[in-house]
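Examining the three-dimensional arrangement
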Amino acid sequence: EASSRIPGRTATTDDAGRFMFRDLPAGRYNLLASKPGYLSASHGATRPERAGTPIAIADGQARNDVVFHISRGGVITGIVRDQSGQPSPGVDVNVLRYGYSPVTGNRWLSQQTISSRATTDDRGVYRVWGLPPGEYVVVVSPGPDQRIPVGGRLPSGLEELHVLSAGRSPTAIT
């Protein structure tokens with residue numbers, strides 16, 4: 001199989017969304033498209049986070065019919081406030097997604113990626129982006145510069161959010 005002989009290659013699209021890989025030997029290739037703020041897509045996948053379909057290439061064959069459709073990721077944003085209602089800067093925010101264990105079928109929470117973490121800015125605002133559709137829980141915890149007041153605590157809201165649609169219509173990369 002070609003994947004065992006050729007390490008991953010990368011191509012960047014031009015202004016029209018076209019890309020090209022040159023001089024590929026015969027084999028089957030898995031293609032993945034990614035762009036900041038969008039959900040990664042495997043060629044032939046029916047939805048984000050699904051397996052794609054390998055593309056078979058014969059020696060000397062040129063393919064110009066490969067099209068990807070990538071969708072914008074969802075965004076969760078909000079303001080963290082302390083008990084007196086004031087914005088809380090420097091607070092860590094993690095976005096956890098509900099999923100199901102493939103072994104037990106039990107529902108569990110998992111962190112999506114490094115981009116599903118944020119720290120509130122000076123206005124207490126956080127923004128987590130690039131999320132696939134799903135159910136999420138926002139977990140707030142004190143940052144390294146935060147101090148928990150004696151007799152009080154920072155908000156530790158567990159807020160369930162639903163990202164039903166990951167944004168606008170898909171963007172095509174050809």
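Note that the structure is predicted; figures quoted are calculated from it, not measured.

**Comments concerning the overall build of the chain**
Along the backbone of the chain there are one helix and 13 strands. Going residue by residue from the N terminus, the α and β elements of the chain occur as α-β-β-β-β-β-β-β-β-β-β-β-β-β. Taken across its 174 residues, the chain has 28% of its residues classed as buried. Counting contacts in the chain only where the partners sit at least 6 residues apart, residues at least 24 apart contribute 65% of the total. Entry remark: accessible area of the chain is about 11500 Å², with carbon and sulfur atoms responsible for 50%.

**A few points about the pattern of salt bridges**
Oppositely charged side chains may form a pair once their charged atoms are brought near each other. According to the stated counting rule, one finds four salt bridges in the structure shown. With its nearest N and O atoms 3.1 Å apart, the salt bridge here joins Asp14 to Arg18. Here Asp14 falls in the partly exposed class, since its relative accessible area comes to 33%.

**Some words on the side chain of Ser88**
The residue Ser88 is located in the loop between strand E6 (74–79) and strand E7 (92–100) in this model. A polar contact is formed between the side chain of Ser88 and the backbone nitrogen of Asp82, at a distance of 3.3 Å.

**Regarding the packing of aromatic side chains**
Tallied over the full model, the rule gives two aromatic pairs. Aromatic pair Phe19 and Phe21: ring centres 6.1 Å apart, planes at 70 degrees, arrangement edge-to-face. Taking the relative accessible area as the measure of exposure, Phe19 reaches 22% and is therefore partly exposed. Among the aromatic residues, those joined into a cluster by ring pairs are Phe19, Phe21 and Phe68.

**Quick notes on the environment of Val138**
Structurally, Val138 can be placed in strand E11 (residues 134–141). Classification of Val138 as buried rests on a relative accessible area of 2%.

**Some details on unusual backbone geometry**
One non-glycine residue with positive phi stands out, namely Asp23, at about 55 degrees. Its location among the elements puts Asp23 in the loop between helix H1 (2–5) and strand E1 (27–29). Residue classification places Asp23 among the exposed positions, given a relative accessible area of 74%.

**Examining the environment of Gly73**
Mapped onto the elements of the fold, Gly73 is located in the loop between strand E5 (68–70) and E6. Along the primary structure Gly73 and Gly37 are separated by 36 residues, whereas in three dimensions their C-alpha atoms are 5.7 Å apart.

Reading the values: rules and limits
- Residues numbered from 1 in each chain as written.
- Predicted model: local features only at pLDDT ≥ 70, side-chain atom pairs only at ≥ 80, totals over all residues.
- Heavy atoms only, no water.
- Helix = DSSP H or I, 4+ residues; strand = E, 2+ residues; numbered from the N terminus.
- Buried < 20%, exposed > 50% of the residue type's maximum accessible area, 1.4 Å probe, protein only.
- Contact = heavy atoms within 4.5 Å.
- Areas by Shrake-Rupley, 256 points an atom, 1.4 Å probe, with all protein chains shown as cover.
- Salt bridge = Lys/Arg side-chain N within 4 Å of Asp/Glu carboxyl O.
- Polar contact = N/O pair within 3.5 Å; in protein donor to acceptor, adjacent residues only side chain to side chain.
- Phe/Tyr/Trp six-rings, centres within 6.5 Å; stacked < 30°, edge-to-face > 60°.

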